[in-house]
Amino acid sequence: MIIKLFDSRTQFTHIPGLHDAILNNEDTLTDMQIDLALHYPEYIHATVDRIESNQLVSSDGSIHEFNYCVIATGSRTKFPHDEASRQYAYTLNYACDVIKLNDILREPCTKRITIIGG
Ligand SMILES: Cc1cc2nc3c(=O)[nH]c(=O)nc-3n(C[C@H](O)[C@H](O)[C@H](O)COP(=O)(O)OP(=O)(O)OC[C@H]3O[C@@H](n4cnc5c(N)ncnc54)[C@H](O)[C@@H]3O)c2cc1C
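Anyway, here's the lowdown on the structure attached to this text. On a predicted model such as this, the values are computed, not experimentally measured, just so you know. (Residues numbered from 1 in each chain as written. Predicted model: local features only at pLDDT ≥ 70, side-chain atom pairs only at ≥ 80, totals over all residues. Heavy atoms only, no water.)

With that out of the way, let us pick up the packing of aromatic side chains. Throughout the structure, instances matching the rule amount to zero aromatic pairs. We note Arg 9 situated over the ring of Tyr 94; from NZ or CZ to the ring centre the distance is 3.3 Å. (Phe/Tyr/Trp six-rings, centres within 6.5 Å; stacked < 30°, edge-to-face > 60°. Lys NZ or Arg CZ within 6 Å of the ring centre and 35° of its normal.)

As structure tokens, then:
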């Protein structure tokens, strides 16, 4: 039996640990990520665009057949509707989000951060 893993990202992130790197040593982010290609021989770096009967089509146009398909695409942050609030809203899902937040938090004009969820 062959199990293939398609993911648009190249690394798995241990999300519950991300907050440790906020205003802290960003080197710890390395330990919170694992390279999917190293751990899953059948990993395919691709975004799946659509699934039609027993085939899936990835963003590069390639078609892959399967007997069974498990969809585990996770969830996305729901941002506030109004543009003014969205301007100050950020996600915390990946290492790059922590680096972006740290840059903002280190700006002298930043006074307060509120974390919703997670
Ligand atoms: C800050 C924070 C702290 C958290 N702390 C905890 C905790 O302490 N304990 C706990 O149990 N949970 C915690 N959670 C929740 C936990 O991280 C999530 O429930 C979990 O990551 C969900 O896993 P998932 O596999 O469903 O989705 P994800 O981890 O989001 O994985 C989905 C994957 O699908 C890929 N993908 C999406 N669409 C496509 C596509 N079209 N083609 C190819 N790939 C695609 C994405 O690249 C992603 O890698 C926390 C979450 C956050 C944000």
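Let us now look at the site of the ligand. Around the ligand sit 14 residues, and of these Asp 7, Ser 8, Val 48, Gly 74 and Leu 92 come closest. Note that a nitrogen atom of the ligand is positioned 3.2 Å from one of the backbone N or O atoms of Ser 8. Val 48 is positioned such that a nitrogen or oxygen atom in its backbone is 2.8 Å from a nitrogen atom of the ligand. For the ligand, whose free accessible area comes to 1000 Å², the fraction covered by protein is 55%. Among the residues making up the shell around the ligand, the classes are represented as six nonpolar, six polar and two charged. (Near = heavy atom within 4 Å. Polar contact = N/O pair within 3.5 Å; in protein donor to acceptor, adjacent residues only side chain to side chain. Areas by Shrake-Rupley, 256 points an atom, 1.4 Å probe, with all protein chains shown as cover. Nonpolar A, V, L, I, M, F, W, Y, C, P; charged D, E, K, R; others polar.)

Membership of the largest hydrophobic core is limited to nine residues, which are Leu 18, Ala 21, Ile 22, Leu 29, Met 32, Ala 95, Val 98, Leu 101 and Leu 105. Considering each element in turn, this core owes the most residues, four residues, to helix H4 (residues 95–105). Dropping the residues within four chain positions of it, Met 32 is found in contact with Phe 12, Thr 13, His 14, Gly 17, Leu 18, Asp 20 and Ala 21. (Core = buried A, V, L, I, M, F, W, Y, C linked by side-chain atoms within 4.5 Å. Buried < 20%, exposed > 50% of the residue type's maximum accessible area, 1.4 Å probe, protein only. Helix = DSSP H or I, 4+ residues; strand = E, 2+ residues; numbered from the N terminus. Contact = heavy atoms within 4.5 Å.)

Moving on, we get to the layout of surface pockets. Its volume calculated, the largest pocket comes out at about 1500 Å³. Considering the residues around the largest pocket, the lining is formed by 36 residues, among which Leu 5, Phe 6, Asp 7, Ala 72 and Thr 73 are closest to the centre. Counting residues per element, the ones that place at least two in the lining of the largest pocket are strand S1 (5–7), strand S2 (11–13), strand S5 (48–52) and strand S7 (63–65). Here the second largest pocket is characterised by a volume of approximately 860 Å³. Tyr 90, Thr 91, Thr 114, Ile 115 and Ile 116 are the residues nearest the centre of the second largest pocket, which is lined by 27 residues in total. A breakdown of the residues in the lining of the second largest pocket according to their chemical character gives 15 nonpolar, nine polar and three charged. (1 Å grid on protein atoms, 1.4 Å probe; cavity = no way out; pocket = protein on both sides within 12 Å on 5 of 7 lines; lining within 4 Å. Points joined across faces, edges and corners; volume = space filled by probe spheres on them.)

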